[in-house]
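Below are the chains, spelled out letter by letter.
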Amino acid sequence: MGFEGKVALITGGARGIGRAIADELAAGSATLAIVDVLKDVAEATAADFRSRGVTAEAFVANVANLADVERLFDEVIARFGKVDILVNNAGITRDNLIMRMKEEEWDAVIAVNLKGTFNCIKAASRPMLKARAGRIVNIASVVGVMGNAGQANYSASKAGVIGLTKTAAKELASRGITVNAVAPGYIQTDMTGKLTDAAREAFLTVIPLARAGTPADVARAVRFLCSDDAAYITGQVLHVDGGMVM
Ligand code: NAI
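Small disclaimer: the values here were computed from a predicted structure and weren't measured.

**Describing the layout of surface pockets**
Phase 1: Taken as a whole, the largest pocket holds about 1100 Å³ of empty space.
Phase 2: Taken together, 44 residues line the largest pocket, and the ones lying closest to its centre are Gly 91, Ile 92, Thr 93, Tyr 154 and Met 191.
Phase 3: The residue makeup of the lining of the largest pocket, split by class, is 22 nonpolar, 15 polar and 7 charged.

**Considerations on the site of the ligand**
Phase 1: Looking at the ligand, there are 28 residues lining it, with Arg 15, Asp 36, Asn 89, Tyr 154 and Thr 189 nearest.
Phase 2: Contact distances for the ligand include 2.8 Å between an oxygen atom and a backbone N or O atom of Ile 17.
Phase 3: One nitrogen or oxygen atom from the side chain of Asn 62 is found 2.8 Å from a nitrogen atom belonging to the ligand.
Phase 4: Within the complex, 95% of the 830 Å² of free accessible area of the ligand lies under protein.
Phase 5: The cavity where the ligand resides is the largest pocket.
Phase 6: Counting only elements with at least two residues in the shell around the ligand, the list comes to α1 (16-27), α6 (152-172) and α7 (190-193).
Phase 7: Tallying contributions element by element places α7 first for the shell around the ligand, with 3 residues.
Phase 8: Its residues assigned to classes, the shell around the ligand shows 15 nonpolar, 9 polar and 4 charged.

**A word on helix α3 (residues 66-80)**
Phase 1: Compared with the 21 Å implied by 1.5 Å per residue over 15 residues, the 21 Å span of α3 between its first and last C-alpha is a close match.
Phase 2: Buried residues of α3: Val 69, Leu 72, Phe 73, Val 76 and Phe 80, and no others. Burial along α3 is one-sided: seen end-on, the buried residues are contained in an arc of 95°. Counted as exposed and oriented over 90 degrees from the buried face of α3: Ala 67, Asp 74 and Ala 78.
Phase 3: For α3, the N-terminal capping position is held by Asn 65, with its side-chain oxygen 3.0 Å away from the main-chain nitrogen of Ala 67.
Phase 4: Of the residues one or two after α3, Gly 81 is the one with positive phi, at around 90°.

**Looking at the environment of Glu 57**
Phase 1: Take Glu 57: it is sitting in strand β3 (residues 56-60).
Phase 2: Judged by relative accessible area, which is 23%, Glu 57 ranks as partly exposed.
Phase 3: C-alpha of Glu 57 to C-alpha of Ala 210: the two residues are 153 residues apart in sequence and 37 Å apart in space.
Phase 4: Apart from residues no more than four positions distant in its own chain, Glu 57 is found in contact with Leu 32, Ala 33, Ile 34, Ala 46, Arg 50, Arg 79 and Phe 80.

Rules of the game
Residues numbered from 1 in each chain as written. Predicted model: local features only at pLDDT ≥ 70, side-chain atom pairs only at ≥ 80, totals over all residues. Heavy atoms only, no water. 1 Å grid on protein atoms, 1.4 Å probe; cavity = no way out; pocket = protein on both sides within 12 Å on 5 of 7 lines; lining within 4 Å. Points joined across faces, edges and corners; volume = space filled by probe spheres on them. Nonpolar A, V, L, I, M, F, W, Y, C, P; charged D, E, K, R; others polar. Near = heavy atom within 4 Å. Polar contact = N/O pair within 3.5 Å; in protein donor to acceptor, adjacent residues only side chain to side chain. Areas by Shrake-Rupley, 256 points an atom, 1.4 Å probe, with all protein chains shown as cover. Sits in = over half its atoms within 2 Å of the grid points. Helix = DSSP H or I, 4+ residues; strand = E, 2+ residues; numbered from the N terminus. Expected span 1.5 Å × (residues − 1). Buried < 20%, exposed > 50% of the residue type's maximum accessible area, 1.4 Å probe, protein only. Arc of directions from axis to C-beta. Contact = heavy atoms within 4.5 Å.

Take a look at the structure:
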């Protein structure tokens, strides 16, 4: 699983699943661009990687803002020369029942999860098309396939990410770029730490493997899709959910 000489840009890479993905890619010797809105956390994460001999730098950007994303790609390319791997992992939740959901809650989640993924694919496509190579992995969710009460905004954003993945895969395939999605189930992170005990127990009853996933479970699937072993796989959604969706 060698990523020697490859530059990987991971959005939301400061913590949680994004950080675990950075770990997996670094284990294969990738150079890391850790992108996040949390400046201090991103810098601490990048410093931790550097202390372990990994070439890593933190970049602060809001993926929901196209101008910011274009500046980000300019900065990463100025620093590392290219982007070989893009992992669209940044995501947020603003849960509420449809009846109570505020316009800002809908807009914020669509802006980060869906438009943010589009913005980064758009910015990455030019250098990847020129290089005639590239790997893009988008982090979707089981909820984008199954729906989930209280998550109209989030499930719509993740279903959108799946549609976007397939379209980008078709548009970019002729130049050797693959675009896939990973759909995690219930994974133990800060995001799910906000769930009530009842919601957590409800999740466990519908997971055949009867445990929550770890960020590393997701990261290993992402590493595979970024590797040469996945060269003939594009436009797919790989579920990492303990069997929740079959
Ligand atoms: P997390 O909240 O721990 O990490 C998300 C990271 O994204 C944070 O570092 C955050 O600062 C960053 N971020 C948020 N908005 C951003 C923006 N506008 N621009 C740049 N960075 C931004 O969440 P977690 O659990 O690690 O989730 C990562 C991805 O996995 C998300 O896309 C989430 O929707 C998805 N996912 C998580 C599941 C879970 O059970 N934890 C299940 C299914 C999908």
